[in-house]
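Chain by chain, the residues run as shown.
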Amino acid sequence: MLACGLATHFLFSKDLPLLENTLKTSDMATICQVVNKFTQKPNLKQDTIYQTQRLETINKCFSKDTIEEILLALENEAKNNPEIWITEAINSMKAASHTSLKITLRSIKEGRLQNLKQCLVREYTICCNVLRATVSYDFYEGSRALLFDKDKKPKWEPSKLELVSKEMVNRCFNGIDDDDWKCLQIPDRSVSSGDVLKPKL
């Protein structure tokens with residue numbers, strides 16, 4: 001998580017209650033200092049994503065603009081790199097819903113430039129479109145194949161990556177054309193140093 005930039009600090013679970021109690025009496029100016037005091041260096045296994053070479057491979061392959069390009073980059077990498085995770089990534093992506101792959105990639109790219117509120121609204125809109133099968137019934141087909149019939153043989157529609165158009169993906173990011181549907185509304189909240197840790201009910 002730290003290596004990928006998804007986390008900023010690592011601390012032991014046993015220290016969480018003490019950190020929480022300390023933060024209750026802290027103001028905005030000292031929060032980072034308090035958290036830093038509890039930060040530990042993670043004890044990593046040898047076979048870890050922390051390895052520089054693996055991170056370089058991940059960045060090189062997954063920085064492509066399309067799912068097709070990402071898969072091609074992974075397949076080319078697999079020819080000269082015997083690491084199991086590359087083959088597993090290829091197999092996992094090929095087994096997944098083609099529509100979901102393209103929706104997910106676009107969502108990740110957009111999320112990098114959005115704040116939390118925008119991300120929540122975007123994800124809510126996508127979920128609504130997926131559940132309402134705006135462009136595909138893949139969510140229900142995947143549920144059937146993995147959870148109900150358990151044959152593990154979903155029949156995705158469209159059946160190929162190249163058949164999932166940009167227009168189809170775009171529709172999953174648009175609001176629902178239904179009078180009963182409403183975009184996710186998140187109330188604005190002003191946060192001051194005195195109430196930063198106090199939830200507003």
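Source: prediction; values computed, not measured.

Definitions and cut-offs
- Residues numbered from 1 in each chain as written.
- Predicted model: local features only at pLDDT ≥ 70, side-chain atom pairs only at ≥ 80, totals over all residues.
- Heavy atoms only, no water.
- Helix = DSSP H or I, 4+ residues; strand = E, 2+ residues; numbered from the N terminus.
- Buried < 20%, exposed > 50% of the residue type's maximum accessible area, 1.4 Å probe, protein only.
- Contact = heavy atoms within 4.5 Å.
- Areas by Shrake-Rupley, 256 points an atom, 1.4 Å probe, with all protein chains shown as cover.
- Patch = residues over 30% accessible without salt bridge, like charges linked within 9 Å, V, L, I, M, F, W, Y side chains within 5 Å.
- Salt bridge = Lys/Arg side-chain N within 4 Å of Asp/Glu carboxyl O.
- Polar contact = N/O pair within 3.5 Å; in protein donor to acceptor, adjacent residues only side chain to side chain.

A.B. asks: Just give me the short version of the overall build of the chain, but keep the residues and values in it.
C.D. replies: Counting its regular elements, the chain contains nine helices and zero strands. Counting helices and strands in the order they occur from the N terminus, the chain gives α-α-α-α-α-α-α-α-α. Considering the chain as a whole, with its 201 residues, one finds that 31% of them fall into the buried category. Of the contacts formed within the chain by residues at least 6 apart in sequence, a portion of 57% connects residues at least 24 apart. Carbon and sulfur atoms provide 56% of the accessible area of the chain, an area that totals close to 14500 Å².

A.B. asks: Quick rundown of a nonpolar patch on the surface? Include the residues and the values.
C.D. replies: Among the surface-exposed residues, Leu 131, Tyr 137, Phe 139 and Tyr 140 lie close enough to one another that they form a single nonpolar patch of about 460 Å² accessible area. With respect to the helices and strands, Tyr 140 occurs in helix 8 (residues 138-148).

A.B. asks: Before we move on, can you summarise the side chain of Asn 81 with the specific residues and values?
C.D. replies: Relative to the helices and strands, Asn 81 resides in the loop between helix 4 (67-80) and helix 5 (84-95). Among the polar contacts made by the side chain of Asn 81, one reaches the main-chain amide nitrogen of Glu 83 at a distance of 3.1 Å.

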